[in-house]
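Each chain is listed here by its residues.
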Amino acid sequence: MRVLLVGAGGVGTAVTRIAARRPFFEAMVVADYDLARADAAVAALAGDARFRAERVDAGDEAAVAALLERHACDVLLNATDPRFVMPLFRAARTAGATYVDMAMSLSRPHPQRPYEECGVKLGDAQFEQAADWAKAGALALVGMGVEPGLSDVFARHAADELFDEIEEIGVRDGANLTVDGHDFAPSFSIWTTIEECLNPPVVYEAGRGWFTTEPFSEPEVFDFPEGIGPVECVNVEHEEVLLMPRWVDARRVTFKYGLGEEFVSTLKTLHLLGLDGTEPVTVPSDGGPVRVSPRDVVAACLPDPATLGERMRGKTCAGTWVRGVKDGKPREVYLYHVVDNQWSMTEYGCQAVVWQTAVNPVVALELLATGAWSGTGVLGPEAFPARPFLDLLTAYGSPWGMREQ
């Protein structure tokens, strides 16, 4: 396997450090708009000759396709933010490469009823091309990070081995992470966080299909394992709700994120001031008027999440809560994966959230390389058997857990 990794930020750099310990691939080209970032990611790998750095604009489909062809890469792994999903998705198809991402094409709220009906849903633009990928015998594995990704694998595992009928699947994400010296320092891309938290959340119900609610709706307190404890979680737009019902039979699917009151208040303030916007506005500068996106300004004012690891304390938990029936009896479980920031920093030099996101696509690449996973079309993680993934994740030194509720 020869891989083109596009994006050498926190998650992309973590991908290289995890992959460097595995023998399943022949080469990995690390490409970024900022060549210095790609060079730094490769330089940290102690001379592993399988890695090399390149510069590429993720929005330039022709340049990405040419880079795939020049290095004879048969897989494109997208580690950029969701704005670049579609150009990279199309570039992979043009070059005849397998495509893997960790987030899906962007949504657009319903123009008249944003908090009742879906407009353009996450992933719609990709699934519209599923028949073309399948006809070509090509594979796009979408939503293969931690959430979406591992959470979807958990849902497939629950359907295959733990339940006869599933009433509800609820992805629940929580953490007790703190960052020394910062009152507000998101542990993941603030651009992506704003996108998913301020868009109308999507809920799925059998018989009704997908519908939306208001941001931060239906608060509940969920007790997270391994010392994290109770965290208030709220509805947030996320890919799992759009993916799981396509392959897993469940009467209801939700995603709730443990954001905390202060984080929610900050996001609401950004929205109130229009600082969550992505359309450029004109602002004065020493060199004259410039056009800049308010959300990019917010991101530029906050610390890079990849640099926070040394000052971060605590654990992060990604998991899937499932309620249903097994052998005629009610059952309720929480399947989860916890990463301690101290462990990930000591072991890999990566903070917990980006490491947890990065390990899952690497596991998926290895399963594709060995043939344990295979398929054609545009497929989510639920379309593949869960057990090989969960076993390999444990072999990577990062076991998952299950708690009977």
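Bear in mind that the values here come from a model prediction, so they are computed numbers and not experimental data.

Peer 1: I'd love a proper account of the sheet that holds strand S2 (residues 27-32), names of residues and values included.
Peer 2: Pairing between the strands of a sheet comes from backbone hydrogen bonds, and it takes one of two forms, parallel or antiparallel. Across the sheet, 7 strands lie side by side as S3-S2-S1-S4-S5-S6-S19; this open sheet has parallel pairing. Taken across any chain shown, the strands that pair with only one partner, and hence form the sheet edges, are strand S3 (51-55) and strand S19 (377-379). Strand-to-strand twist of the sheet, defined as the mean angle between neighbouring strand axes without regard to direction, takes the value 20°. Here 3 bridges tie strand S6 (residues 139-141) to S19, and the two strands are oriented parallel to one another. Across the sheet, the residue bridging to Leu139 is Gly377, located in S19.

Peer 1: Any details on the nonpolar core? Residues and values, ideally.
Peer 2: It is characteristic of soluble globular proteins that their nonpolar side chains tend to be buried jointly. In terms of nonpolar packing, the biggest core is built from 91 residues, with Met28, Val30, Ile169, Leu259, Trp373 and Phe389 touching the most fellow members. Per element, the largest residue contribution to this core is 11 residues, and it comes from helix H13 (residues 352-370). The residues touching Val30, leaving out its near neighbours within four places in the chain, are Leu5, Ala8, Thr16, Ala38, Ala41, Val42, Phe51, Arg52, Ala53 and Glu54. The next biggest cluster of nonpolar side chains, apart from the first, holds 29 residues, and it includes Ala31, Ala58, Val64 and Val378.

Peer 1: Requested: an account of the side chain of Thr16, with residues and values cited.
Peer 2: When you line up the elements, Thr16 lands in helix H1 (residues 10-19). A relative accessible area of 0% places Thr16 in the buried class.

Peer 1: So what's going on with the pairing of S2? Which residues, and what values?
Peer 2: Counting buried residues in S2 gives 6 out of 6 residues, a clear majority hidden from the surface. Burial along S2 is two-sided: the face carrying Ala27, Val29 and Ala31 and the face carrying Met28, Val30 and Asp32 are both buried. Bridging between strand S1 (residues 2-6) and S2 involves 5 bridges; their strand directions are parallel. When the sheet's bridge partners are listed, Val3 is paired in S2 with Met28. In this region the chain leaves S1, passes through H1 and returns to the parallel neighbour S2; the handedness of that crossover is right-handed. Alignment of S2 against S3, held across 5 bridges, turns out to be parallel. Across the sheet, residue Val30 finds its bridge partner in S3, namely Ala53.

Reading guide: rules and limits
- Residues numbered from 1 in each chain as written.
- Predicted model: local features only at pLDDT ≥ 70, side-chain atom pairs only at ≥ 80, totals over all residues.
- Heavy atoms only, no water.
- Pairing = 2+ DSSP bridges.
- Helix = DSSP H or I, 4+ residues; strand = E, 2+ residues; numbered from the N terminus.
- Axes fitted to C-alpha atoms, helices over the stretch in contact; angles between N-to-C directions.
- Core = buried A, V, L, I, M, F, W, Y, C linked by side-chain atoms within 4.5 Å.
- Buried < 20%, exposed > 50% of the residue type's maximum accessible area, 1.4 Å probe, protein only.
- Contact = heavy atoms within 4.5 Å.
- Right-handed = clockwise from strand over helix to strand, strands pointing away.

Geometric values such as these leave the question of function open.
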